Structures are given as C-alpha cells and as structure tokens.
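# Coordinate analysis (summary)
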Amino acid sequence: PVVAFSLSFAARLPGAEVAFSVLGTSAAYTSGSAGGAATHTLSYNPGATSTAIVVSVVMESNGAPSSVKFGGVDMIPVVGASGSNVGIYYLNNPTTGGASNLTFDYSSVTTVNFIAFQVVSLNASDSIEVTATATDTDSNLTLAVPTADSFVMAGYNFNQGSNGASASADSPLTPMFGNFINSGGGAFGYENGVAAGNQNYSFTLGGPGSPSDRRVTAASFNVVPEPGSAALIGGLGLLALLRRRRAC
C-alpha cells in the first residue's frame, strides 16, 4: 500500500514563507567635530527571544568603521559603509539576557562629522541571511526581493544641508529615526512581510536648504533552515519515495 503522511513543520520547508516578528528598535546619533579616531557606542537589549539583529548606519566621514560589533561579536556587513556612507549589518543569535554594547570603531578614520545608527531586533524560526541589496545616489531605489515574506531594512544619508533639514522614510517603510545632525543627516525605515518582486523604497527631505550627496540603501533578509532541518526534510522525502516504489 501507499503510505501517506504530512509534515507539521512547513515553516522549515525550502521556499516556504516564514514571518519575522519585530521585537523592538533603538536609535542613537552623535554630532562629531572634525575628528574621528573614536568608538561610537549604543547600549541595546535585543530581548530574550531575539534570534537576530539588523543594523543600519549613516554617516559623513572619510572612511568606514573598521568593525561593527554587538556584545563583542563582529556583525556581518551587508553593504559596506565606505562606498555609500550608508551601511547595513546583521548578526544571528545576539547576546541575550540583558543589554550589550553595539560599537562602531572609527579609530582609524580621521574625520567623522556625524554618525547615526538604528538597530532592529527580530525573532524568526531560524538563522537569517541577506537575499538582495540595492544602493542608489538619490532618494529612492528599486530592490529586487527574491523571496516572499522577507524583512527589508533601509537607510538614507544626505549631506550639505542647512540646520533644520530633515528626512523621513516613505510608505511602505515603517519610519524610524530621521534627523539633521551636523552638515547633513539621515533616516531609517523597515518593512516586514515583503512580497517577492521589485519593491520601491524612497525617503523625503524637508526643511530649509538644498541637501545633496543623497544615498539610499536597502537590503532584504529571509530565513535559512538549519542544516539539521534541511537534512531531516531531505530524509523524509527520500523515505516517501522509497515507500512509493515499494507500493508499485
């Protein structure tokens, strides 16, 4: 006879949609002098159920941080900050049980006029990985999201603004920090449960002056089943095939 059975963990099947839960966010910024050679720090508690954190950073500097760490662990760079003055980083299995320091090491950079960073704490069924990135030298971009139900993080940087200029994320992004800091500024936004396909993201500038050197960066993330889960799924599939052959 043909033996039929079903899997109760469809969320782990390759290509299956897996939802993220956004547990919390926190932002910090500093208006630097004309000097760098510093480490900028934000104390952040991702929460006991956090499985990953995603960080976006915007800055006006003549170099990228030599490292971005959370709880002393190097975060994975998605988009290098030095190329666009907008960087995105992530880390699976962040420190839990209390707050840890998120540190941006600029000790080798001579000039940092301002830096702002936003951290988002996520809960997902497995480890996450970046699936797509896009950067544009304007206030909007198109991100080709390959997998349904993704999480998207976006950052925006502008320069040469006048005091009072501001920036904010446009729909469908959920706006987070947005501010003028020192000769420029930035903003952040995220979207959860993103459909596969080309997605358009933009930021709006307001206030006096004519800010320039605008850059927007976005990255999508999704869940990667642990090797043990993938092996189990593959083994069950092989078992089903063998049983079908026996029944023939």
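Whatever comes next refers back to the structure up there.
To keep things clear, this report deals only with the structure shown in the data block. (Residues numbered from 1 in each chain as written. Predicted model: local features only at pLDDT ≥ 70, side-chain atom pairs only at ≥ 80, totals over all residues. Heavy atoms only, no water.)

Moving on, we get to the sheet that holds strand β11 (residues 140-145). Pairing is antiparallel in the open sheet, where three strands are placed in the order β11-β16-β13. Looking at which strands have only one partner, the edges of the open sheet turn out to be β11 and β13 (166-169). Between one strand and the next, the sheet's axes are offset by a mean angle of 25°, whatever the strand orientation. Pairing geometry for β11 and strand β16 (residues 197-206), over six bridges, is antiparallel. Residue T142 lies in a different strand from β16, and its bridge partner there is N200. (Pairing = 2+ DSSP bridges. Helix = DSSP H or I, 4+ residues; strand = E, 2+ residues; numbered from the N terminus. Axes fitted to C-alpha atoms, helices over the stretch in contact; angles between N-to-C directions.)

Residue S171 is joined to P172 through a cis peptide bond whose omega torsion reads 15°. Tracing the backbone shows P172 in the loop between β13 and β14 (174-180). Despite not being glycine, N93 has its phi angle at roughly 55°, a positive value. Classification of N93 by relative accessible area gives exposed; the value is 61%. Backbone geometry places D149, a non-glycine residue, at a positive phi of 60°. Residue position: D149 is located in the loop between β11 and β12 (150-159). Relative accessible area serves as the criterion here: at 17%, D149 is assigned to the buried category. (Buried < 20%, exposed > 50% of the residue type's maximum accessible area, 1.4 Å probe, protein only.)

Right, let's get into the side chain of S220. With respect to the helices and strands, S220 occurs in strand β17 (residues 212-224). A distance of 2.6 Å separates polar atoms of two side chains, one belonging to S220 and the other to T131. When near neighbours in sequence (up to four residues on either side) are disregarded, S220 contacts E129, V130, T131, A132, L143, V145, P146, S150, F151 and V152. (Polar contact = N/O pair within 3.5 Å; in protein donor to acceptor, adjacent residues only side chain to side chain. Contact = heavy atoms within 4.5 Å.)

Bridging between strand β4 (residues 67-70) and strand β8 (residues 100-105) involves four bridges; their strand directions are antiparallel. Paired with K69 across the two strands is T103, which belongs to β8.

One can find V216 in strand β17. Apart from residues lying up to four places away in sequence, V216 is in contact with A134, T135, D136, D138, S139, N140, L141, G155, Y156 and F203.

What follows deals with the sheet that holds strand β2 (residues 39-44). Pairing within the open sheet is antiparallel, and its four strands lie in the order β2-β8-β4-β5. Among the strands making up the open sheet, the edge pair consists of β2 and β5 (73-74). Here β4 pairs with β5 via two bridges, running antiparallel. Residue F70 lies in a different strand from β5, and its bridge partner there is V73.

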